[in-house]
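# Coordinates in review
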Protein chains: 2
Amino acid sequence: MVNYPNAKRVSISKAPRLKTPSIDFANRGMRFETLINDSNSYYLSRNIAVIHKKPTPVQIVKVDYPRRSRAKIVEAYFRQASTTDYSGVYKGYYIDFEAKETRQTSSMPLKNFHAHQIIHMENVLKQQGICFVLLHFSTLQETYLLPAEPLISFYQIDQGGKSMPLSYIREHGFEIPLQSHPSIPYLDVVDKYLIGGN
Amino acid sequence: MVNYPNAKRVSISKAPRLKTPSIDFANRGMRFETLINDSNSYYLSRNIAVIHKKPTPVQIVKVDYPRRSRAKIVEAYFRQASTTDYSGVYKGYYIDFEAKETRQTSSMPLKNFHAHQIIHMENVLKQQGICFVLLHFSTLQETYLLPAEPLISFYQIDQGGKSMPLSYIREHGFEIPLQSHPSIPYLDVVDKYLIGGN
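What you see is a predicted model; the values in this text were computed from it and never measured. (Residues numbered from 1 in each chain as written. Chains lettered and ligands numbered in written order. Predicted model: local features only at pLDDT ≥ 70, side-chain atom pairs only at ≥ 80, totals over all residues. Heavy atoms only, no water.)

Moving on: helix α2 (residues 115–126) of chain B. Residue and element names in this part refer to chain B. Look at α2: 17 Å from first C-alpha to last across twelve residues, which is about the 16 Å you get at 1.5 Å a residue. Buried residues of α2: Q117, I118, H120, M121, N123 and V124, and no others. Positive backbone phi, at 65°, marks Q128, one or two positions downstream of α2. (Helix = DSSP H or I, 4+ residues; strand = E, 2+ residues; numbered from the N terminus. Expected span 1.5 Å × (residues − 1). Buried < 20%, exposed > 50% of the residue type's maximum accessible area, 1.4 Å probe, protein only.)

A few words now on the UniProt feature "binding site: Mg(2+)" (unreviewed entry) in chain A. All names here are of chain A. UniProt annotation of "binding site: Mg(2+)" (unreviewed entry) refers to T83, D85, E98 and Q117 when read in the numbering used here. Spatially, the listed residues are clustered: although they cover 35 residues, their C-alpha atoms lie within 9.5 Å of one another. Along the chain, E98 falls in strand β5 (residues 93–102). Residue class for E98 comes out buried when judged on its relative accessible area of 2%. A polar side-chain atom of E98 sits 3.5 Å from a polar atom in the side chain of K100. For Q117, the position within the fold is in helix α2 (residues 115–126). (UniProt positions renumbered as here; feature names shortened; annotations may be inferred. Polar contact = N/O pair within 3.5 Å; in protein donor to acceptor, adjacent residues only side chain to side chain.)

Residues and elements named next belong to chain A. A complete count under the given rule lists 19 aromatic pairs over all chains for this structure. Aromatic side chains Y42 and Y43 sit 6.1 Å apart centroid to centroid with 70° between the ring planes, which places their arrangement in the edge-to-face category. Of the residues examined, Y43 reaches a relative accessible area of 4% and is grouped as buried. A connected cluster of aromatic rings, assembled from ring pairs, spans Y42, Y43, Y86, F97, F132 and Y186. In this arrangement the basic side chain of K100 is found over the ring face of F113, its NZ or CZ atom lying 5.4 Å from the centre. (Phe/Tyr/Trp six-rings, centres within 6.5 Å; stacked < 30°, edge-to-face > 60°. Lys NZ or Arg CZ within 6 Å of the ring centre and 35° of its normal.)

Here the focus is the interface of chain A and chain B. Opposite the 54 residues of chain A that make contact, chain B presents 54 residues. Counting the surface lost from both chain A and chain B, the interface buries some 5,000 Å², and carbon and sulfur atoms represent 63% of this. The largest share of the area that chain A buries against chain B comes from A:Y77, A:F78 and A:Q127, three residues that together contribute 14% of it. Linking chain A with chain B are zero salt bridges. Contributions of two or more residues to the side of chain A that touches chain B are made by β1 (50–53), β2 (58–67), β3 (70–78), β4 (86–90) and α2 of chain A. With nine residues, β3(A) is the largest single contributor of residues to the side of chain A that touches chain B. (Contact = heavy atoms within 4.5 Å. Buried area = accessible area lost by both parts, 1.4 Å probe. Salt bridge = Lys/Arg side-chain N within 4 Å of Asp/Glu carboxyl O.)

As structure tokens, this is what we get:
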């Protein structure tokens, strides 16, 4: 990843929230995201897979050009993502997933999944892509890979209004044992259960 | 695509340049990009493929929260993309490409391809992804699909310092006849020449 040379590396989730000493949802999500990004770097560096997080979608409204060489965005807004956050290629397979984290211990709130993300997952499945979500229960320190099909089925019951019980995730998903290299070896699960099986 | 509700829809390339009446490179690039996006929408709406342009990578430095519900980015900078702009899935195949346009009539400048994009293409090929560039010669009104392999070979001669002659593109690539639906039917070329053949 190439950073803009003169810009400080302040991430979105951290920027305004670092002032509060307590660990909040955003930072917890950030940590899980960091572990996934590290795992993707591991896979990339070993020629195992090419999977990247998409940039945060931003609606740019105003740009200043104080100097010719350096455009400065001075007004922009976060947009909702129309797809999932992660995608790439693994042994010829298209990989597509979203990651969510919760402190809850018995269910995963679905309110963070948007209807158009669910539609995107359906479209990916129609094209024979491999699509899933990584769900992290931070209090339990348990991480699951849940294929898109059972997620979509559950979501459609109530258009994402309900929380998805952990028991449902355990029944239809696969636990990912956290380890060192990579931290979240989700491609092991893809290998064992998703390739050839769908 | 969901836009932030209160933000005006002003695109990056258009924002500062609309004031100049002459059509410049940026707007020309914008038009080609629009045609590709329209083609992708066409493919998506007919369940032919799921291919999206990635969001513009932005390094966010400062965010204001004037109201709880609406974060405003007040300082951010454009970053160089570390991957290609477009990716998705088509009949189970991972599709990955970049698009470039020129007004020149005999060659395509390679300075707009960055070294890390070339490396990304190499990585995608290693994972058996389908990777290429769409090259548009606006003066000639000719568009080509050039597979990543000959692009990489040419790029490595001089680390992107040279322009790639149109004759080379014609020899190693495939012309895409522009039409109405979709405007740039690049998946026809993928079907005929890239699937199964690489």
